Amino acid sequence: MKWIAREKSVELRLNPEKILPGAKTIICLAKSYYTGEAQEGSLESCVARYARVPDYHKTLKAPLEELAHFVSSLSSPPSKSLCFLDSGPLLERDLAQRAGLGFIGKHNSLVSKTLGNWFFLAEILTTLQMDADAPAVNLCGSCQKCLEACPTGALRAPWVLDSRKCLSYMTIEYRQDIPEEYHAAMGTKFFGCDRCLEACPWNEVVSCEAKPSVHISELPLSLKKLEQMSENKFKEYFSSSALARARRAGLIRNLRIAHKNAKNTPLGKQFL
Ligand code: B12
Ligand code: SF4
């Protein structure tokens, strides 16, 4: 993740006017990905919740662009707008907190009083001048449940995440063998990690409707299928899934560890 520290991207992150000259407003958006609780022992339960729905980079692109188009049409001459969805050089959580969408919890994710912490962030950067909402206030209090729940000690202190120890980083971004010391902590979770998010008591207030997803059950997800698949076929089958980010080799690596941890359980057999 060296790109985070690159001088150019730091400069852009700190100064959105360099991304869009004349930028006056950042509209921050949140979209819930909550699909309800997965059945225990199901393949779906082994994947981080955000990846249980089709890849948000793709599904949210069109509605986001439509909204940006609408924003541009609000003034004459039309304002200029740019859309961001995870990929751009913006500090999405910091901006969302400042826009009042929620507060940055001690686990580093944004927590909303209505959506819990199960949502994506997106932004529209625009030259249109708009009034700002009030920033959100932190409501963690003395709670430390997320820090206690992290199985690897990646959350070293409140708001301090050591990504090198984070199972989300290990199973999605890391391209080498996962060191043995992290295998047990992974359990059967072979893509991403939700442990710190699951621990947050603010999830009890989730007010959005859970829409069950069939996405994971539709993917060819087993060691045998992945090992026999060509890279081109992998790209084709996983084109609508966030799981593609781990690549075929990464998913095979992760599934082998999850299988070892599942021993002879019915779930372990599904990994084969
Ligand atoms: C790189 C990245 C990761 C990396 C590193 C995480 C990290 N610490 O930065 C890894 C792979 C580990 C990761 C994991 C996850 N990620 Co991620 N990730 C990103 C990404 C692409 C960039 C983050 C970045 O720029 N980091 C660099 C640091 C400097 O910036 P920062 O963390 O935003 O800011 C921190 C400090 O500056 C400081 N700070 C800044 N302002 C303020 C203000 C106050 C008051 C305080 C106290 C602190 C503070 O605290 C911030 C939080 O650590 C963002 C998208 C984006 N463009 O923002 C998604 C994003 C943060 N990830 C997201 C998600 C969903 C996850 C996972 C939950 C996925 C999963 N289930 O496995 C985990 C959660 C892990 C965790 N506990 O943080 C969502 C979070 C949504 C939300 N509700 O907050 C984002 C916003 C993507 C999106 N568009 O939806 N992620
Ligand atoms: S679990 Fe507790 S400390 Fe962590 S983000 Fe939620 S409220 Fe804050």
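Residues numbered from 1 in each chain as written. Chains lettered and ligands numbered in written order. Predicted model: local features only at pLDDT ≥ 70, side-chain atom pairs only at ≥ 80, totals over all residues. Heavy atoms only, no water.

A.B. asks: Would you explain the packing of aromatic side chains in this entry?
C.D. replies: Considering all chains together, one arrives at ten aromatic pairs under this definition. An angle of 50 degrees between the planes, with centres 5.9 Å apart, marks the rings of Tyr 169 and Tyr 174 as tilted. Given the relative accessible area of 19%, Tyr 169 is considered buried. What links up through ring pairs into an aromatic cluster is the set Tyr 33, Tyr 50, Tyr 56, Trp 118, Phe 120 and Phe 191. (Phe/Tyr/Trp six-rings, centres within 6.5 Å; stacked < 30°, edge-to-face > 60°. Buried < 20%, exposed > 50% of the residue type's maximum accessible area, 1.4 Å probe, protein only.)

A.B. asks: In this structure, what is going on with the site of ligand 2? I would like to understand it.
C.D. replies: In the vicinity of ligand 2, the contacting residues are Gly 105, Lys 106, His 107, Cys 140, Cys 143, Lys 145, Cys 146, Cys 200, Pro 201 and Trp 202. Tallied by class, residues from the shell around ligand 2 come to six nonpolar, two polar and two charged. Shared between two domains, the shell around ligand 2 holds at least three residues of each, these being domain 1 (2–126) and domain 2 (145–271). (Near = heavy atom within 4 Å. Nonpolar A, V, L, I, M, F, W, Y, C, P; charged D, E, K, R; others polar. Domains from an automatic or database assignment.)

A.B. asks: Even after reading the chapter, I still don't get the sheet that holds strand E5 (residues 119–126), so can you show me in this structure?
C.D. replies: Paired through their backbone hydrogen bonds, the strands of a sheet run either parallel or antiparallel. What the three strands build is an open sheet, ordered E1-E5-E2; its pairing is antiparallel. Where the open sheet ends on each side, the last strands, each with one partner, are strand E1 (25–32) and strand E2 (81–84). Neighbour-to-neighbour, the strand axes of the sheet open up by a mean angle of 20 degrees, direction not taken into account. Bridge analysis of E1 against E5 gives eight bridges, and the strand direction is antiparallel. Residue pairing in the sheet places Leu 29 in a bridge with Ala 122 of E5. (Pairing = 2+ DSSP bridges. Helix = DSSP H or I, 4+ residues; strand = E, 2+ residues; numbered from the N terminus. Axes fitted to C-alpha atoms, helices over the stretch in contact; angles between N-to-C directions.)

A.B. asks: Help me understand the environment of Phe 120 in this model?
C.D. replies: Looking at where Phe 120 falls in the secondary structure, it is placed in strand E5. Distance from Phe 120 to Ala 30, taken between C-alpha atoms, is 5.5 Å for residues 90 residues apart in sequence. In contact with Phe 120, other than residues within four places in its own chain, are Leu 29, Ala 30, Lys 31, Tyr 33, Tyr 50, Val 53, Tyr 56 and Leu 60. (Contact = heavy atoms within 4.5 Å.)

A.B. asks: Is there a simple way to explain the site of ligand 1 in this structure?
C.D. replies: Around ligand 1, 33 residues are found, and the nearest of them are Glu 92, Arg 93, His 107, Leu 110 and Ser 168. For ligand 1, a nitrogen atom lies 3.4 Å from a polar atom in the backbone of Asp 86. A distance of 3.0 Å separates a nitrogen atom of ligand 1 from a polar backbone atom of Leu 90. Sorting the residues of the shell around ligand 1 by element identifies helix H4 (92–98), E5, helix H6 (167–173) and helix H8 (195–198) as the ones contributing at least two each. With four residues, H4 is the single largest residue contributor to the shell around ligand 1. (Polar contact = N/O pair within 3.5 Å; in protein donor to acceptor, adjacent residues only side chain to side chain.)

A.B. asks: Honestly, unusual backbone geometry in this entry has me stumped. Any pointers?
C.D. replies: The phi angle of most residues is negative, glycine excepted, and most peptide bonds adopt the trans form. Of the consecutive residues Ser 76 and Pro 77, the connecting peptide bond is found in the cis state with omega at -5 degrees. Inspection of the secondary structure assignment puts Pro 77 in the loop between helix H3 (61–72) and E2. Phi angles above zero are rare outside glycine, and Asn 108 is one such case at about 85 degrees. Within the secondary structure, Asn 108 is located in the loop between strand E3 (103–104) and strand E4 (110–111).

A.B. asks: Honestly, helix H11 (residues 247–262) in this entry has me stumped. Any pointers?
C.D. replies: One turn of the α-helix equals 3.6 residues, which is why residues spaced by three or four share an orientation. If you check H11, its first and last C-alpha atoms are 22 Å apart, about what 16 residues at 1.5 Å a residue would give, namely 22 Å. Looking only at H11, the buried set comprises Arg 248, Gly 250, Leu 251, Ile 252, Arg 253, Asn 254, Leu 255, Ile 257, Ala 258 and Ala 262. Those residues of H11 that are buried lie in contact with H6, helix H7 (183–186), helix H9 (223–228), helix H10 (231–237) and helix H12 (266–271). (Expected span 1.5 Å × (residues − 1).)

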